[in-house]
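The residues making up each chain are set out below.
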Amino acid sequence: MISELGNAMVIFGGTGDLTKRKLVPALYNLLIEKQLPDNFFVVAVGRRDKTTEEFVEEMEIALKEFSRNSYDENIWKNLKSRIFYYRLNFDGTEEYLEFDTALCKLEHKYETRGNRMFYLAVSPEYFGVIVEKLHEYGLASDNGSFKRVVIEKPFGKDLESAKALSKHITHAFGEENIYRIDHYLGKEMLQNIMVIRFANAFFEPIWNNKYIDHVQITSTETLPVEERGGYYEKAGAMKDMLQNHLLQLLALTAMEPPVRLDTESIRDEKVKVLKGLKIYEEDEVNDYVVRGQYGPNEEMGFNGYRQERRTDPDSDIETYIALKMEIENFRWSGVPFYIRTGKRLKEKTVEVVIQFKSLAKILYLKELDEMMPNQLIIRIQPTEGVFLRFNAKKPGQTNDIVPVKMDFCQNCEIGYNSPEAYERLLLDAMKGEKTLFTRWDEVEYSWRFVDAIQNAWKKERPDFPNYEAGSHGPKVADDLIERDGRRWVNE
Ligand SMILES: NC(=O)c1ccc[n+]([C@@H]2O[C@H](COP(=O)([O-])OP(=O)(O)OC[C@H]3O[C@@H](n4cnc5c(N)ncnc54)[C@H](OP(=O)(O)O)[C@@H]3O)[C@@H](O)[C@H]2O)c1
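Undergrad: Help me out: how do you make sense of the pairing of strand β13 (residues 375-381) in this one?
TA: Along β13, six of the seven residues are buried, which leaves the element largely enclosed by surrounding structure. Note: β13 against strand β14 (residues 385-393), five bridges, orientation antiparallel. Paired with Q375 across the strands is R389, a residue of β14. Adjacent in sequence and paired antiparallel, β13 and β14 are bridged by three residues.

Undergrad: Which parts of the structure should I look at to understand the environment of F202?
TA: Of note, F202 is situated in the loop between α7 (188-198) and β7 (212-220). Overall, F202 belongs to the exposed group, its relative accessible area being 55%.

Undergrad: What is the right way to read the site of the ligand from this model?
TA: Around the ligand, a shell composed of 23 residues is seen, among which T15, D17, L18, R48 and V122 lie nearest. The separation between an oxygen atom of the ligand and a polar main-chain atom of G16 is 3.1 Å. Contacts to the ligand include Y126, whose side-chain N or O atom sits 3.2 Å from a nitrogen atom. Burial of the ligand by the surrounding chains reaches 85%, relative to a free accessible area of 900 Å². The class makeup of the residues in the shell around the ligand is ten nonpolar, six polar and seven charged. Counting only domains with at least three residues in the shell around the ligand, you end up with domain 1 (3-152) and domain 2 (185-482).

Undergrad: Explain the environment of T263 here, please?
TA: With respect to the helices, strands and loops of the structure, T263 is situated in helix α9 (residues 263-275). For the pair T263 and K434, spaced 171 residues apart in sequence, the C-alpha separation works out to 6.3 Å. Residue contacts for T263: discarding those within four places in its chain leaves E433, K434 and T435.

Undergrad: So what exactly am I meant to see when it comes to the sheet that holds strand β15 (residues 401-409) here?
TA: The pairing of strands in a sheet comes from backbone hydrogen bonds and takes either a parallel or an antiparallel form. Strands sit in the order β8-β10-β11-β7-β12-β13-β14-β15 across an open sheet of eight strands; the sheet is mixed. Each edge of the open sheet is held by one strand with a lone partner, namely β8 (289-292) and β15. With strand direction ignored, the average angle separating the axes of adjacent strands in the sheet is 15°. α7 contacts β13 and β14 of the sheet and is inclined by roughly 150° relative to β13. Relative to strand β10 (residues 320-325), helix α13 (residues 440-457) is tilted by about 120°, and along the sheet it contacts β8 and β10.

Undergrad: Just checking my understanding: could you explain unusual backbone geometry for this structure?
TA: Leave glycine aside and you will find that most residues have negative phi; peptide bonds, for their part, are mostly trans. In this structure, the amide linkage connecting K153 to the following residue, P154, adopts the cis form with an omega of -10°. For the bond running from F464 to P465, omega is -5°, close enough to zero to count as cis. Among the structural elements, P465 can be located in the loop between α13 and β17 (467-468). Unlike most non-glycine residues, K34 shows phi in positive territory, near 60°. Here K34 shows up in the loop between α1 (17-32) and β2 (40-46). A positive phi angle, near 50°, is found at E111, a position not held by glycine. Residue placement: E111 occurs in the loop between α4 (94-110) and β4 (116-120).

Rules used throughout
Residues numbered from 1 in each chain as written. Predicted model: local features only at pLDDT ≥ 70, side-chain atom pairs only at ≥ 80, totals over all residues. Heavy atoms only, no water. Buried < 20%, exposed > 50% of the residue type's maximum accessible area, 1.4 Å probe, protein only. Helix = DSSP H or I, 4+ residues; strand = E, 2+ residues; numbered from the N terminus. Pairing = 2+ DSSP bridges. Near = heavy atom within 4 Å. Polar contact = N/O pair within 3.5 Å; in protein donor to acceptor, adjacent residues only side chain to side chain. Areas by Shrake-Rupley, 256 points an atom, 1.4 Å probe, with all protein chains shown as cover. Nonpolar A, V, L, I, M, F, W, Y, C, P; charged D, E, K, R; others polar. Domains from an automatic or database assignment. Contact = heavy atoms within 4.5 Å. Axes fitted to C-alpha atoms, helices over the stretch in contact; angles between N-to-C directions.

Shape descriptors only; they carry no functional weight alone.
Encoded structure:
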């Protein structure tokens with residue numbers, strides 16, 4: 001056990017979806033891995049009237065459904081003895097003082113020396129409100145102990161609102177205590193991208209525009225919007241996926257080697273990529289970005305987005321986007337990055353494809369005219385691994401050439417159960433390790449890029465729905481890449 005981590009974790013939004021699906025299972029799995037300190041406790045804050053006993057019963061049911069490790073009564077008994085439920089209205093005033101008193105009592109009992117981690121698992125309009133109250137009523141004053149705030153996405157709805165929110169939060173906590181969570185960064189294979197690039201002599205020297213033809217980043221889901229229609233109506237694929245997760249994935253794929261492996265050196269390099277993104281002029285947006293929304297698929301019994309719960313029956317929100325992006329620096333000049341993401345598609349995949357340039361048209365290429373290009377595929381979900389596709393002679397008497405694959409699958413081995421992203425991120429936040437959290441300037445440059453697209457979109461109504469639920473996505477996305485003589489890799 002790591003005893004110096006002793007702290008209180010206060011989850012605002014303790015009765016919400018994220019807490020039961022991700023946070024409580026993550027704590028349970030950390031306890032199994034013996035990563036939690038003895039002097040650690042959780043206070044789940046919600047609006048509903050319920051007792052701690054009722055709350056932990058609900059969490060037990062959720063844990064059985066969502067944890068990657070199976071239920072172990074002793075481990076759960078240990079964790080549940082440290083979980084407390086507290087009813088509080090976020091907009092309240094004096095209630096925060098009473099809450100502070102209740103927290104102090106628990107801190108005394110658990111000897112956590114006042115270390116507090118406030119996790120805001122709440123809808124974004126409450127980020128500023130809660131932080132303000134924590135500051136006003138003294139719950140965030142450091143007094144020689146740490147006070148950290150972990151903030152869920154989306155951080156703002158555009159650059160202006162993100163700046164206002166940042167001002168609010170830094171007033172109460174200071175940048176060093178703000179942990180902007182992007183759960184993609186907690187995924188095993190995302191962390192592996194840097195290792196693959198910077199620990200292998202045969203990748204880094206060719207990781208540039210001299211050898212790479214283009215890069216594809218795909219993140220697709222089979223699930224519909226489910227119960228989150230209210231949230232999704234305001235976010236869409238652009239704010240739900242691109243502004244945060246996919247730009248982070250792009251930054252890791254394209255960044256220069258950091259001078260050191262410390263937090264700020266890595267963040268500095270990621271920021272440079274985001275800063276280097278070509279910002280589209282308003283009249284260019286349609287040439288570089290396409291959007292889609294799923295319609296019903298009667299054969300498969302799937303609703304269209306507009307028929308989902310809590311969505312507008314006339315909604316123009318995008319459930320799919322595809323982009324052609326450019327990074328304006330020496331390494332990447334002339335190399336397009338094609339990105340796509342969407343909901344309710346045929347397959348669930350998160351992957352990065354690096355497609356290498358073809359060789360000169362001599363020797364085999366001269367004879368065969370066309371050969372499969374070399375590809376490096378970094379699979380992030382559902383399988384985790386690295387695949388290398390290259391050309392080899394087909395065994396036998398002929399001289400045919402066929403593409404073959406070299407496969408490293410990290411989670412295909414029986415018994416290997418990768419830690420969930422939230423486990424790593426919660427542990428890092430407790431340790432004060434910030435590499436896997438986004439710095440303000442990363443957020444700022446992401447919004448600069450996204451705002452240019454959103455401003456252009458405001459001026460024209462899309463023709464939705466334009467793809468069938470359960471399909472590969474809208475035809476406009478195929479057109480976007482095929483116009484350049486390339487194709488999406490769908491395997
Ligand atoms: N769910 C996910 O899988 C997921 C994934 C990634 C990111 N996120 C992000 O995580 C955050 C939370 O999402 P969620 O899906 O968990 O939301 P949610 O299910 O709607 O939960 C919202 C929580 O806020 C509480 N709440 C709302 N208004 C309140 C008030 N005035 N006073 C006190 N409590 C109040 C609710 O309490 P009551 O229920 O007691 O009313 C509930 O606990 C969002 O920023 C979301 O974007 C969620």
